[in-house]
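# Geometric and topological summary
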Amino acid sequence: MAELRALVGVKRVIDYAVKIRVKPDKSGVVTDGVKHSMNPFCEIAVEEAVRLKEKKLLKEVIAVSCGPKQCQETLRTALAMGADRGIHVEVPEGEVEKLGPLQVSRVLAALAQKEKVGLVLLGKQAIDDDCNQTGQMTAAMLDWPQGTFASKLSLEGDKLTVEREIDGGLETVRLKLPAVVTADLRLNEPRYATLPNIMKAKKKKIEMMKPADLGVDTSSRVAVLSVEDPPQRTAGLKVESVEDLVAKLKEAGHV
Ligand code: AMP
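These numbers were taken from a predicted model, which means no experiment stands behind them.

In terms of regular secondary structure, the protein is built from six helices and 11 strands. The contacts of the protein with a sequence gap of at least 6 include a subset with a gap of at least 24, amounting to 70%. Just so you have it, the protein exposes about 14700 Å², and 53% of that area is on carbon and sulfur atoms. Separation of charge centres in the protein, based on 39 positive and 37 negative side chains, amounts to 5 Å.

In structure tokens form, the structure reads like this:
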């Protein structure tokens, strides 16, 4: 059995099917009484880690979620899908907006080292803030290679091959572990957490910690205090070719 362990980041987000409503004071979006689920790209990351474990290429899959106490439900889903352990890095409900990709990356990098994992598997992006930054920043902090937007992954010893979709087709990157990988949509189709597995997962103990236990300060993100209405888009120039565009810009005195 391989000795390799993986850390998988699972974020609790508003469910993808929910229609998002902005709070009347425009200080954020309505979250009270709104269905939350595991970020879909994180489900793909968990699925991939569990498949690697089933192929005996991984020894242990550790799911981690940073956020309020309800993140434990997200971790239970990961456990029900086949993760071995769940770690909840608790950030009180009122301070969640201070938790950005930078803070989460610091938490993940610290945990990756503490748990001596060889692979950090994350979603390519969270569907609530659409940041698409955490994987890249975690790799930079650890000074590990990264394979982002993975649509196919294969592992042989400490060699990881990551295939990603680009405009011109497919691109293949070869990495040496330890590494960070972020999962894109086509990597796999995540399994459903079945009821018996959810019941079993309820019995598992979730390990609790605070960002400060990992040396991470979560008070430094500049919170978004208000949002302005987005500017209205006005009709732009209609052009048929680059020459046409240049001519029209010249006409308008822009070039
Ligand atoms: P983002 O950079 O915010 O788009 O998030 C990309 C990925 O980072 C997500 O799919 C998760 O795997 C991970 N991640 C982001 N935020 C959290 C969080 N609060 N807890 C656990 N993992 C997270």
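Another point: the site of the ligand. Near the ligand, the surroundings consist of 18 residues, among which G9, A126, N132, Q133 and T134 are the closest. Between a nitrogen atom of the ligand and a main-chain N or O atom of C66, the distance comes to 2.8 Å. Contacts to the ligand include A126, whose backbone N or O atom sits 2.7 Å from an oxygen atom. When the ligand is considered free in solution it has 480 Å² of accessible area, and contact with the protein chains removes 98% of it. Secondary structure elements with two or more residues in the shell around the ligand: β4 (60-67) and β6 (119-123). For the shell around the ligand, the element with the most residues is β4, which contributes three residues.

Attention now moves to the nonpolar core. One finds V8, V10, V46, L119, L160 and V181 to be the most contacted residues of the largest nonpolar core, which totals 37 residues. Per-element tally for this core: the top contributor is helix α1 (residues 40-54), with eight residues. The contacts of V10, once residues within four sequence positions are left out, are M38, C42, V46, A63, V64, S65, T74, L75 and A78. The next biggest cluster of nonpolar side chains, apart from the first, holds 24 residues, and it includes I62, V64, L99 and V216.

Moving on, we get to a nonpolar patch on the surface. Together, I20, V22 and V29 make up a nonpolar patch on the protein surface, roughly 240 Å² of accessible area in all. Along the polypeptide, I20 turns up in the loop between β2 (12-14) and β3 (36-38).

The next point concerns the UniProt feature "domain: Electron transfer flavoprotein alpha/beta-subunit N-terminal" (unreviewed entry) in the protein. As recorded in UniProt, the feature "domain: Electron transfer flavoprotein alpha/beta-subunit N-terminal" (unreviewed entry) lies at residues 26-218. The straight-line gap between the two end C-alpha atoms of residues 26-218 is 23 Å; of that span, 30% is helix and 30% is strand.

Taking 1.5 Å per residue as the helical rise, α1 with its 15 residues ought to reach 21 Å, and the 21 Å between its terminal C-alpha atoms agrees with that figure. Restricting attention to buried positions, one finds in α1 the residues F41, C42, I44, A45, V46, E47, E48, A49, V50 and L52. Phi turns positive one or two residues past the end of α1, at K56, with a value near 65°.

Pairing is mixed across the open sheet formed by nine strands, whose spatial order is β9-β8-β7-β10-β6-β1-β4-β5-β11. Two strands close off the open sheet at either side, each with one partner strand: β9 (169-176) and β11 (206-209). Within the sheet, the average angular offset between the axes of one strand and its neighbour, ignoring direction, is 30°. As paired elements, β6 and strand β10 (residues 179-183) share five bridges and run parallel to each other. Counted as the bridge partner of G123 is A183 from β10.

In this section: the environment of M209. Among the structural elements, M209 can be located in strand β11. In sequence terms M209 and L108 are 101 residues apart; their C-alpha atoms lie 12 Å from each other.

All right, on to the pattern of salt bridges then. A complete count under the given rule lists 20 salt bridges for this structure. Between E90 and K210 there is a salt bridge, and its shortest N-O distance comes to 4.0 Å. Here E90 is found in strand β5 (residues 85-90), whereas its partner K210 is found in the loop between β11 and α6 (242-251), with 120 residues between them in sequence.

Before going further, it helps to examine the pairing of strand β8 (residues 159-166). Of the pairings in the sheet, the one linking strand β7 (residues 146-156) to β8 comprises six bridges and is antiparallel in character. Counterpart to L155 in the pairing with β8 is L160. Note: β8 against β9, eight bridges, orientation antiparallel. Each bridged residue has a counterpart across the sheet, and for T161 the counterpart in β9 is R174. Joining the antiparallel neighbours β8 and β9 is a turn of two residues.

With respect to the element layout, E115 can be found in the loop between α3 (101-114) and β6. Under the relative-accessibility criterion, E115 is labelled buried at 8%. Taking the C-alpha atoms as reference points, E115 and L7, separated by 108 residues in sequence, lie 8.3 Å from one another. Engagement of the side chain of E115 in a polar contact is seen with the side chain of R85, the distance being 3.0 Å.

Thresholds, definitions, all that
- Residues numbered from 1 in each chain as written.
- Predicted model: local features only at pLDDT ≥ 70, side-chain atom pairs only at ≥ 80, totals over all residues.
- Heavy atoms only, no water.
- Helix = DSSP H or I, 4+ residues; strand = E, 2+ residues; numbered from the N terminus.
- Contact = heavy atoms within 4.5 Å.
- Areas by Shrake-Rupley, 256 points an atom, 1.4 Å probe, with all protein chains shown as cover.
- Lys, Arg positive; Asp, Glu negative; His and termini not counted.
- Charge placed at Lys NZ, Arg CZ, Asp CG, Glu CD.
- Near = heavy atom within 4 Å.
- Polar contact = N/O pair within 3.5 Å; in protein donor to acceptor, adjacent residues only side chain to side chain.
- Core = buried A, V, L, I, M, F, W, Y, C linked by side-chain atoms within 4.5 Å.
- Buried < 20%, exposed > 50% of the residue type's maximum accessible area, 1.4 Å probe, protein only.
- Patch = residues over 30% accessible without salt bridge, like charges linked within 9 Å, V, L, I, M, F, W, Y side chains within 5 Å.
- Salt bridge = Lys/Arg side-chain N within 4 Å of Asp/Glu carboxyl O.
- UniProt positions renumbered as here; feature names shortened; annotations may be inferred.
- Expected span 1.5 Å × (residues − 1).
- Pairing = 2+ DSSP bridges.
- Axes fitted to C-alpha atoms, helices over the stretch in contact; angles between N-to-C directions.

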